[in-house]
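Analysis of the macromolecular model
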Amino acid sequence: MSLAVGFDLDMTLIDSRPGIRATYRALTAATGVHVDADLAVTRLGPPLRQELGEWFPPEDIEHAVATFRALYPDHAVAPTVPMPGAVEALAAVRELGLRTVVVTSKLGRLAGLHLAHLGLHADVVAGDLFAEGKAAALVEHAVRWYVGDHVADMVAATTAGIPGVGVATGPCSVDELRAAGASHALPDLMDFPPLLREIAVGSGRAAG
């Protein structure tokens, strides 16, 4: 199996805030339970159940999760856009003959809808994973570097024994990403292609 670069999805490859905000508002309309959609989208990254636990009583969370996911395709996909530099980052991976693996806390089928809608190619999508839970997928799919916007993504990389590349495009700052174990911390993905060429070629990991 050829080596891969792993990416988180929300706020790393895609800006899903407009669509997720719309889905939370639809969830409020469907359930009658107020969710502060503007607040919720400022803390994307952890599993959906964690956020819904802020708004729903424990006995209603699973129903809220199912309702949110049913509403998601109609409300969240179309408004979502690529993060700045995402297209170029994925192209840089391909140019080096490496595979792209998306490892995300979002359900794999929903992540796939976003990627297909935006024309972003991933060789593998592994979903419904967070923090240390992402490590097994990173190891299984021969991920050599993992790129993410959340401190939990750096925990995932460390647990998998690989370098984490932090991008400060989500809720976590460059300093927070470094403190969580990032080997490299960037303001956004625009600086990722030259970094990848440096670390991949320098370590002899590029294919061919």
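Residues numbered from 1 in each chain as written. Predicted model: local features only at pLDDT ≥ 70, side-chain atom pairs only at ≥ 80, totals over all residues. Heavy atoms only, no water.

1. Brief notes about the overall build of the protein
Helix and strand counts for the protein stand at 10 helices and 8 strands. Here the C-alpha atoms of the protein give a radius of gyration of 17 Å, agreeing with the 17 Å that 2.2 N^0.38 yields for 208 residues. Within the protein, buried positions represent 50% of all 208 residues. Taking the contacts inside the protein whose residues are at least 6 apart along the sequence as the reference set, 61% of them involve residues at least 24 apart. Total accessible area computed for the protein in this model is approximately 8700 Å², and 55% of it derives from carbon and sulfur atoms. (Helix = DSSP H or I, 4+ residues; strand = E, 2+ residues; numbered from the N terminus. Rg over C-alpha atoms; globule rule 2.2 N^0.38 Å. Buried < 20%, exposed > 50% of the residue type's maximum accessible area, 1.4 Å probe, protein only. Contact = heavy atoms within 4.5 Å. Areas by Shrake-Rupley, 256 points an atom, 1.4 Å probe, with all protein chains shown as cover.)

2. Considering the nonpolar core
Ranked by internal contacts, the top residues of the largest apolar core, which has 28 residues, are Val5, Phe7, Leu13, Val147, Leu189, Phe192 and Leu196. In this structure leucine 13 touches Phe7, Asp8, Pro82, Met83, Ala86, Leu90, Val102, Leu120 and Leu189, once residues within four positions along its chain are discounted. Ranked by size, the runner-up nonpolar core spans 23 residues in total, among them Ala37, Leu44, Phe68 and Tyr72. (Core = buried A, V, L, I, M, F, W, Y, C linked by side-chain atoms within 4.5 Å.)

3. Re the pairing of strand 7 (residues 164–167)
Burial of the side chains of strand 7 extends over both faces: Gly164 and Gly166 are buried on one face and Val165 and Val167 on the other. As paired elements, strand 6 (residues 143–148) and strand 7 share 3 bridges and run parallel to each other. Along strand 7, the bridge assignment pairs glycine 148 with glycine 166. Taken together, strand 6, helix 8 (residues 151–160) and strand 7 form a β-α-β motif whose crossover is right-handed. As paired elements, strand 7 and strand 8 (residues 184–186) share 3 bridges and run parallel to each other. Bridging from a neighbouring strand, valine 165 pairs with histidine 184 of strand 8. (Pairing = 2+ DSSP bridges. Right-handed = clockwise from strand over helix to strand, strands pointing away.)

4. Quick look at the pattern of salt bridges
In this structure the tally under the stated criterion is 9 salt bridges. Residue aspartate 10 is joined to lysine 106 by a salt bridge in which the shortest nitrogen-to-oxygen separation is 3.1 Å. Taken together, the residues aspartate 10 in the loop between strand 1 (4–7) and strand 2 (14–15) and lysine 106 in the loop between strand 4 (99–103) and helix 6 (108–118) connect sequence positions 96 residues apart. Each member of the pair, aspartate 10 as well as lysine 106, carries the same accessibility label: buried. Each of Asp8, Lys134 and Asp153 takes part in one network of salt bridges that share partners. (Salt bridge = Lys/Arg side-chain N within 4 Å of Asp/Glu carboxyl O.)

5. A few points about the packing of helix 4 (residues 61–76) against helix 6
Their axes nearest at 11 Å, the elements helix 4 and helix 6 cross at an angle of 5°. One way to sum up the angle between helix 4 and helix 6 is to call them roughly parallel. Residues Arg69, Tyr72, Pro73 and Ala76 of helix 4 form the contact with helix 6, whose participating residues are Arg109, Leu110, Leu113 and His114. Class assignment of the residues belonging to the contact of helix 4 with helix 6 gives a composition of 5 nonpolar, 1 polar and 2 charged. (Axes fitted to C-alpha atoms, helices over the stretch in contact; angles between N-to-C directions. Parallel < 35°, antiparallel > 145°, perpendicular 65-115°, else oblique. Nonpolar A, V, L, I, M, F, W, Y, C, P; charged D, E, K, R; others polar.)

6. Topic: helix 1 (residues 17–31)
Because an α-helix packs 3.6 residues into every turn, residues spaced three or four apart end up facing the same way. In this model, helix 1 (15 residues) spans 21 Å end to end at C-alpha, consistent with the 21 Å of a helix rising 1.5 Å per residue. Within the sequence span of helix 1, burial applies to Gly19, Ile20, Thr23, Tyr24, Ala26 and Leu27. For helix 1, the buried positions fall inside an angular range of 160° around the axis, keeping them on one side. Just downstream of helix 1, glycine 32 is the residue with a positive phi angle, here 80°. (Expected span 1.5 Å × (residues − 1). Arc of directions from axis to C-beta.)

7. Thoughts on unusual backbone geometry
With a phi close to 60°, aspartate 128 is a non-glycine residue in the positive phi region. For aspartate 128, the location among the structural elements is in the loop between strand 5 (124–126) and helix 7 (135–140). Positive phi values are uncommon outside glycine, yet alanine 131 reaches one of about 50°. The topology assignment puts alanine 131 in the loop between strand 5 and helix 7.

8. Comments concerning the sheet that holds strand 5
Strands pair in a sheet through their backbones, by hydrogen bonds, and they do so in one of two ways: parallel or antiparallel. Overall, parallel pairing links the 6 strands, which are arranged 5-4-1-6-7-8 in an open sheet. Looking at the sheet topology across the chains shown, the edges are occupied by strand 5 and strand 8. Averaged over all adjacent pairs, the angle separating strand axes in this sheet is 20°, with direction ignored. With 4 bridges connecting them, strand 1 and strand 6 associate as parallel partners. Residue phenylalanine 7 lies in a different strand from strand 6, and its bridge partner there is valine 147. Along the sheet, helix 8 contacts strand 6 and strand 7; its crossing angle with strand 6, the most-contacted strand, is approximately 170°.

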